[in-house]
Amino acid sequence: MRSVAGKVFVFPYFVDLSKIGRLFETVGRNMVTLITVFIIVVIYTCLAVWAFKRRNIDETNRDKVIVLPDNDPFDKVCYLVTVYTGTWPGSGTSADVFFRLIGSFDQSDIHLLKHPKYKTFHRDEVDTFLVTTKTDLGDLHSVRFWHNNAGNSPNWYLSRVKVENLYNKQVWYFMCRKWFATNKDGGVLDRTFLAPNHDTYVDKKDFFAVQLSAGLKCNHLWFSVFARVIQSSFTRLQRLSCCFALLMSSLLTSIVLFHRERESNKQDIYLLQSFMVGIESSLINVPVQIILTSLFKYAKQETVTPTYAPYHNILQYLENEENRCINQWLVRMSNAQPRDWRERLQRWYLLEGSVISSGDNYNIMSESQSLKSSTASLNCVLPSYLTEATFTEDVDENVVKDKKETNERQQNKPQGPLAKVDVIKNFLPKITPMLFTNSKEVVLSWWCVYVAWCFIIICISISGFFIILYGLSYGTELSLKWLFASTVSVFQTLLIVQPIKIACISAISSFRKRRYSNLPWPSSTKLLEIDMGEVPQNLDEMQSRHSELIRARKSKTYKPLGDDEITTMMRRDAIKTKAFIFLKDIVIHFIFLGLVLHIAYSNDHTRAFYYKKFIKSKFSADLSTVDAIDPFYLWMNSKALPLLHDPSNPPFVSEINSIIVGLARIRQIRAKRGKVHCIIKDSSVFSTMIRTRRCQPKYAEEQEEKNNYNNSWETVDHVTSEENIRTYTGWFYESNSFPWDYESYGEQHVYGTGGYTVYFFPTVSMENSSQKLLDLKTNNWLDGNTWAVILELTVYNPDVNLFCAISVVFEASPFGDINGVVSVKPFSMITLDKLFNSDILVNFVFVLFLIVYLTEECITMIREKKRYIRKMNNHINFGLKSVFLVTVGLQISMFYKSSEMLNFYNLHKESFIPLHVMSSHDETFQITVGFLFFFTVLKTLRYAKFVYVVRLAQSTIIVELPGICSIAIVLLVFFLIYTAFGHLAFGQQDVNFNNYLHAAETVLSYCVLSFQKAEFTSNFLLAAFYLSTFMLVMVCILINLFQSVIILSYEKMKRPVYEDPSDEAEVVFFLVQKLRLIFYSLIGKKVTENEFKSFNGLIYGHPEKMEDNSIGLNTKDINGKKIPYILI
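Here the structure is a predicted model, which is why all the values come from computation and not from measurement. (Residues numbered from 1 in each chain as written. Predicted model: local features only at pLDDT ≥ 70, side-chain atom pairs only at ≥ 80, totals over all residues. Heavy atoms only, no water.)

Draft legend 1. Inspection of the packing of helix α17 (residues 563-600) against helix α30 (residues 1063-1083) at higher detail. Taken N-terminus to C-terminus, the directions of α17 and α30 make an angle of 90°; their axes are 9 Å apart at the nearest point. In terms of orientation, α17 and α30 fall into the roughly perpendicular class. Taken together, the residues of α30 that come into contact with α17 (itself represented by Arg571, Ile575, Lys576, Lys578, Ala579, Phe582 and Leu583) are Asp1063, Glu1064, Glu1066, Val1067, Val1068, Phe1070 and Leu1071. Its residues assigned to classes, the contact of α17 with α30 comprises 8 nonpolar, no polar and 6 charged. (Axes fitted to C-alpha atoms, helices over the stretch in contact; angles between N-to-C directions. Helix = DSSP H or I, 4+ residues; strand = E, 2+ residues; numbered from the N terminus. Parallel < 35°, antiparallel > 145°, perpendicular 65-115°, else oblique. Contact = heavy atoms within 4.5 Å. Nonpolar A, V, L, I, M, F, W, Y, C, P; charged D, E, K, R; others polar.)

Next up, the structure:
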């Protein structure tokens, strides 16, 4: 165990720095590390340029507040509504989202959360809106969202919502986590969410999901580089640079740890070492990551005061002696009641800014913000860390006036600009004490950012130099191995280490009870920018905007969709979903069909056919002359042995251009010796006849002879199979000594693999084999107890890469003669290690399809339960996937047996090789593939149901199935009657009826009006009666009746009765319509309704007009139910 651990754990390798010059002289022979570093630097440069350009976009979109265009100018109260779109694929929406706040006092107007300058509701995005109301709504208890399901991707997943009263700083949280979609989550587009109580805890699953999503978005260093908006001061370029430095550091660590792998030549140890290199390099780089991210994240940012910040603007005016009149303007503004939410918001900002500046240690200019403001239109920069501060505005003017006079009397004359602002405070509405709470955070000095950048530059430079240096010392081969190990390390960090770390932290955090305020909401250290440049300034504009909003909110646009509209949209979306599923299924199905065709036709069946035909013709020559024992020996000596021996090039057989694999053999299957009891023994006449002759033994496995004999059929013992092969000493019974079993088929029986064997060696002279045959004949190897003699061998043709298992079975018939049958089965044999990469990929995809298909079918069976057996498509799918499973099992078995056969051949080349096992297996596999192809094509017809004629034919068969089955049963009965009659009447005289199978084949040919087997050799009158009655009953009546039932039902189904088209028809019509619109838009042509008429006929058909006598009340059978309809 210690030795294995010592090999697996990798220790650093030190390079000799005194040999740097020599190493760099070899850079031309090993450029792996140099090219790798160069590519990484180029990629980083391109991404850095992109990240730098995205910086302004990030700053603009970070914590932006969108002032809704439909805010009423005369509203008084402002709310900040922060909406979190989910992270699921397709969570973003293109629809128009509407919103309403519902409080204890009142409810807000309906607002459209949309702005022409901003794109909102993207996936995993946070959007903040400034929403105004006429009055304070009180304590919010619910919020309502809906959308109009418009656009290309209207589905929307709402994660959570935060609503904040901008004046009293009261906050409400709403956990939503629901889909607004017609095809998901119940198809609801209008939802109302209730505000939880203050003492309510967040569900642990919801907290974990939100925390994990926020962690992957913000804390995963690699993923956050490509986030849509960077919300923190840790910029995109800084994150990218940290990733680049960590990557270079990881590569350096892995290449330093890689030298020890030279000592390992075993593949398993190499893989373990590569894995450990990745783990060790990841662990070593964790401190580097923590240092870099901490320096960037916690460094204090430089304070840059915005040039056009409103508070800065006011101070500038107050310091100017010529603009002291601004004080009077501010006093007048503070005495007057605010006309609208804009003035109220500006006054509130002046109050907040003056309080902060007069004595508190908070800096509202902690972020550099680009603000658009002027003396006519003031933008308000709101410090969000003031969310804990509260103040109230007294609406009673008398109280305000009394309070103002009291303050004037108590205050001394102000000194300095800030004191002048304090004067302004005295004229503002009543103010409650402002309480600030600020959590202590770790803040580093501002120069830590420059330290981090220096650290990154040093890390990249040193890492790049030593990576190239170590690569030159390792050589090309080991450098490539290092590249693999380093790739493993990077992907471990990217896809395994960091996601697992974030998931673990989120899981641990979710164990504690959390309130809604503990969820990741906007940070309390950022400034919110509210651009009010488009807010109406004068009274006329405000009145015009107010009138427009009243009319808009009364229109249909601001109202939720009705049930009918939602039903129509659900149907439309369902068609879109079905179209996607249809396209996916048909593409996957045709890919699978291509794989089946590739598997089925991977062998050249044409060549196999001609190879089989050629070899069979060679071994069938003069086979019909073998009808006794002597002709058998003559055929073996004159026909078989010349095919087994090629004196010029053994064991290559020139006459059939093939090589004999192993040895050829003949084996005898014989009955046990002893008296055989005949079947007929009751009659004395037959008994007298039987005494003069011995009966033929009947074949049975338990009656088979299995003892060992010498060449005079005398019993011997202790004879092995190897002795029987090498030295011919007698008749040795060989049972199945192979790990495989196969069968030999004759005309009368099926025989196993055992028997008394004689081997022929293709590498020796033909005279040796002829002498064996002569000895067999001389010693009466064949006698009356012989049941069968089988000649077996396997040949291989390298030109066509085909094996061929040959069996010639000679059987002794009960009539005393011998019948010979030739069986030739060509097949191919390929092991996995001999496959091409493309073939391996095809087989892998084939197995992958099997796993997916079986999983899908199991899910369907569990979901549908009893309804599963009622659908014809399910039966076809079940048959397809069952045959598919058998096919894959047979294919895997063929690969396994092929490897075993080749290993057996390499160990036993001077033995008989039972490749007949592979021929039988290959034959079974080809039949199974044929059934697989049949079910696959049958399933293809399901996708043709969009054609009206196909649906009509299917409906016809379903409707008339009882009648079709009844007539089919009658046809089957008469078929069996005529088959039995033909066999009984003509079986002894006519070869076409000599057994029941031939009789059935003949009658079936008559049913299809093929009378090639209508030649009778006797009983012509009976034959004429047989054919005439068959023509009358079967052809003229039953078969025509069967056809007429189907045709009449088909015509009946074409009546103009409205039926819902199939899903396939709607889907194909939708797809064709979309494709045609796209095509016509590209060529600039307009689509007319007449363009689709021909295609409509193909999809929906052209019902034929009925005659006048069909007009009126009619009925029609649809799925076993009589449906009444009226033709007018």
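Draft legend 2. Spotlight on the environment of Leu641. Considering the arrangement of structural elements, one finds Leu641 in helix α19 (residues 629-644). Relative accessible area serves as the criterion here: at 0%, Leu641 is assigned to the buried category. Put simply, Leu641 and Pro762 are 121 residues apart on the chain and 9.2 Å apart in space, counted from C-alpha to C-alpha. (Buried < 20%, exposed > 50% of the residue type's maximum accessible area, 1.4 Å probe, protein only.)

Draft legend 3. Inspection of a nonpolar patch on the surface at higher detail. Taken together, the side chains of Met31, Leu34, Ile35, Phe38, Ile39, Val42 and Ile43 present a nonpolar region at the surface, about 610 Å² in accessible area. Examined against the element boundaries, Met31 turns out to sit in the loop between α2 (20-25) and α3 (32-61). On the basis of relative accessibility, which here comes to 38%, the residue Met31 falls in the partly exposed class. (Patch = residues over 30% accessible without salt bridge, like charges linked within 9 Å, V, L, I, M, F, W, Y side chains within 5 Å. Areas by Shrake-Rupley, 256 points an atom, 1.4 Å probe, with all protein chains shown as cover. Salt bridge = Lys/Arg side-chain N within 4 Å of Asp/Glu carboxyl O.)

Draft legend 4. The arrangement of the pairing of strand β14 (residues 664-670) in detail. Burial of β14 is extensive: 7 of the 7 residues sit out of reach of the surface. Burial along β14 is two-sided: the residues Ala664, Ile666, Gln668 and Arg670 and Arg665, Arg667 and Ile669 are all buried. As defined by bridge partners, β14 adjoins strand β20 (residues 755-760) across 5 bridges and the pair is classed as antiparallel. The residue of β20 that forms the bridge with Ile666 is Val758. Taken together, the 6 bridges between β14 and strand β21 (residues 786-797) define a ladder with antiparallel strand orientation. Bridging from a neighbouring strand, Ile666 pairs with Leu791 of β21. (Pairing = 2+ DSSP bridges.)

Draft legend 5. Structural detail: a positive patch on the surface. Taken together, the side chains of Arg863, Lys866, Arg867 and Arg870 make up a positively charged region of the molecular surface. Examined against the element boundaries, Arg863 turns out to sit in helix α23 (residues 837-864). You can call Arg863 exposed: its relative accessible area is 51%. (Lys, Arg positive; Asp, Glu negative; His and termini not counted. Charge placed at Lys NZ, Arg CZ, Asp CG, Glu CD.)

Draft legend 6. Quick peek at the sheet that holds strand β6 (residues 140-147). Pairing within the open sheet is antiparallel, and its 4 strands lie in the order β4-β3-β6-β9. Of all the strands in the sheet, just β4 (111-112) and β9 (190-194) have a single pairing partner and so form its edges. Here strand β3 (residues 97-103) runs beside β4; their pairing, made up of 2 bridges, is antiparallel. The residue of β4 that forms the bridge with Phe98 is Leu112.

Draft legend 7. Structural detail: helix α6 (residues 236-256). The end-to-end C-alpha separation of α6 is 30 Å, in line with the 30 Å expected for 21 residues at 1.5 Å each. Here α6 lies mainly inside the structure; 20 of its 21 residues are buried. (Expected span 1.5 Å × (residues − 1).)

Draft legend 8. Just the side chain of Thr936, in detail. By the secondary structure assignment, Thr936 is in helix α25 (residues 916-940). Since its relative accessible area comes to 0%, Thr936 is described here as buried. Apart from residues lying up to four places away in sequence, Thr936 is in contact with His589, Phe592, Leu593, Val596 and Leu880.

Draft legend 9. Region of the structure containing the pairing of β9. Only one face of β9 is covered, namely the face carrying Arg191 and Phe193; the face carrying Asp190, Thr192 and Leu194 is uncovered. Examined bridge by bridge, β6 and β9 share 5 bridges and lie antiparallel to one another. Each residue of the ladder has a partner; that of Arg144, found in β9, is Thr192.

Draft legend 10. Summary view of the packing of aromatic side chains. A complete count under the given rule lists 43 aromatic pairs for this structure. With a centroid separation of 6.5 Å and 45° between ring planes, the pair formed by Tyr79 and Trp172 is classed as tilted. Taken together, the residues Tyr79 in strand β2 (residues 77-85) and Trp172 in strand β8 (residues 171-180) connect sequence positions 93 residues apart. The exposure classification of Tyr79 matches that of Trp172, with both residues buried. On the basis of an interplanar angle of 50° and a centroid distance of 4.8 Å, the ring pair of Phe986 and Phe1016 is categorised as tilted. Residue Phe986 is found in helix α27 (residues 961-986), and its partner Phe1016 is found in the loop between α28 (996-1007) and α29 (1020-1053); the two are separated by 30 residues along the sequence. Side by side, Phe986 and Phe1016 carry an identical accessibility label, which is buried. Clustering of aromatic rings is evident, with ring pairs tying together Tyr978, Phe981, Phe986, Phe993, Tyr1006, Phe1016, Tyr1026 and Phe1030. (Phe/Tyr/Trp six-rings, centres within 6.5 Å; stacked < 30°, edge-to-face > 60°.)

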